[in-house]
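Results of the structural survey
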Amino acid sequence: MQAGTINVNDFKTGVTIEIDNQPYRVLEFLHVKPGKGAAFVRTKLKNLLSNSNQEKTFRGGETVGMADVQRREAQFSYMDGEEFVFMDQDTYEETRLARDDWAKFLKEGAICSLLFYSGKVISVEPPNFVDLLVVDTPPGVKGNTASGGGSKKATLETGAVIDVPLFINNGELIKVDARSETYLNRAKE
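Everything in this summary refers to the structure shown in the same document.

Criteria and cut-off values
- Residues numbered from 1 in each chain as written.
- Predicted model: local features only at pLDDT ≥ 70, side-chain atom pairs only at ≥ 80, totals over all residues.
- Heavy atoms only, no water.
- Helix = DSSP H or I, 4+ residues; strand = E, 2+ residues; numbered from the N terminus.
- Buried < 20%, exposed > 50% of the residue type's maximum accessible area, 1.4 Å probe, protein only.
- Polar contact = N/O pair within 3.5 Å; in protein donor to acceptor, adjacent residues only side chain to side chain.
- Contact = heavy atoms within 4.5 Å.
- Salt bridge = Lys/Arg side-chain N within 4 Å of Asp/Glu carboxyl O.
- Pairing = 2+ DSSP bridges.
- Axes fitted to C-alpha atoms, helices over the stretch in contact; angles between N-to-C directions.
- Phe/Tyr/Trp six-rings, centres within 6.5 Å; stacked < 30°, edge-to-face > 60°.
- Lys NZ or Arg CZ within 6 Å of the ring centre and 35° of its normal.

Considering the side chain of Glu-172
As for its placement among the helices and strands, Glu-172 is situated in the loop between strand 14 (161-165) and strand 15 (173-177). You can call Glu-172 buried: its relative accessible area is 18%. At 2.5 Å, the side chain of Glu-172 and the side chain of Arg-186 are in polar contact. Other than its neighbours up to four places away in sequence, Glu-172 contacts Leu-132, Leu-133, Val-134, Phe-167 and Arg-186.

Quick look at the structure:
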């Protein structure tokens, strides 16, 4: 289902387009103007149905269809076995989804966006920034400071593993960027 068209010169990160009746999200794009020949746009796309990434090159000025992807706010309510249960914030309708990459940084009660394509949930967008508890990380060595550099692995309360600075300890609450999966800072309690 197409919802209009977009010129490839107007691509932005996060735009959803439709190619061969499949919805794709633009992850990266680069406008290339060679010294000789026509300009083109090199992109990295994520198929929202299969979760696979692919690279595609478009001619400059080409138009492609926009994917008709709707976003609805929902709250992650609880886990039911291996399923994540979400509640629509407007209709209070429940949606059950199997675990996927989006679940890494999801805590109960978090407000997310459910992405719908052709009336079916195809993905979940967790909050961009989340405060999570560090449950397991090796101890820091004496003398480690914020400016001391270096990092170590830390397991968070959701089971995700990220790199954190050496001064972070077990039991600390940290702020994480869920999009880039990186440590930002200590969270305010």
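Now, onward.
Notes on the pattern of salt bridges
Evaluated as defined, the whole model comprises 11 salt bridges. The shortest N-O distance in the salt bridge between Glu-83 and Arg-96 comes to 3.6 Å. Here Arg-96 lies in strand 9 (residues 94-98) and Glu-83 lies in strand 8 (residues 83-88), a separation of 13 residues in the sequence. Residues participating in the shared-partner salt-bridge network are Asp-80, Glu-83, Glu-94 and Arg-96.

Observations concerning the pairing of strand 2 (residues 16-19)
Burial along strand 2 is two-sided: the residues Thr-16 and Glu-18 and Ile-17 and Ile-19 are all buried. Across four bridges, the pairing between strand 2 and strand 3 (residues 22-32) is antiparallel. By the bridge assignment for strand 3, Ile-17 is matched with Tyr-24. Linking two consecutive strands that pair antiparallel, namely strand 2 and strand 3, is a turn of two residues; a positive phi of about 50° is found at Asp-20 within it. One ladder, built from two bridges, connects strand 2 with strand 6 (residues 63-67); its direction is antiparallel. In the strand pairing of strand 6, Glu-18 is matched with Gly-65.

A look at the pairing of strand 12 (residues 129-136)
Successive side chains on a regular strand alternate, one facing one side of the sheet and the next facing the other. In terms of strand pairing, strand 12 meets strand 15 through five bridges, oriented antiparallel. Within strand 15, the position partnered with Leu-132 by the bridge is Ile-174. With two bridges joining them, strand 12 and strand 13 (residues 151-156) adopt antiparallel strand pairing. Paired with Val-134 across the strands is Leu-156, a residue of strand 13.

Focus on the sheet that holds strand 11 (residues 120-125)
Pairing within the open sheet is antiparallel, and its five strands lie in the order 9-8-7-10-11. Among the strands making up the open sheet, the edge pair consists of strand 9 and strand 11. Each strand axis lies, on average, 45° off the axis of its neighbour in the sheet, ignoring direction. Pairing analysis gives five bridges linking strand 8 to strand 9, with the strands arranged antiparallel. Directly across from Glu-83, in strand 9, lies its bridge partner Ala-98.

Focus: the packing of aromatic side chains
Applying the stated criterion to the full structure yields three aromatic pairs. With 5.7 Å between their ring centres and 90° between their planes, Phe-11 and Phe-58 make a pair best called edge-to-face. Within this pair, whereas Phe-11 is found in the loop between strand 1 (2-7) and strand 2, its partner Phe-58 is found in strand 5 (residues 53-59), the two being separated by 47 residues in sequence. Under the relative-accessibility criterion, Phe-11 is labelled buried at 1%. When the ring of Phe-76 is compared with that of Phe-84, the centres are 5.1 Å apart and the planes differ by 35°; the resulting orientation is tilted. Accessibility expressed as a relative area gives 3% for Phe-76, which makes it buried. An aromatic cluster of three or more residues is present, and its members are Phe-76, Phe-84 and Phe-86. Above the face of the Phe-58 ring, Lys-56 is positioned so that its terminal group lies 5.5 Å from the ring centre.

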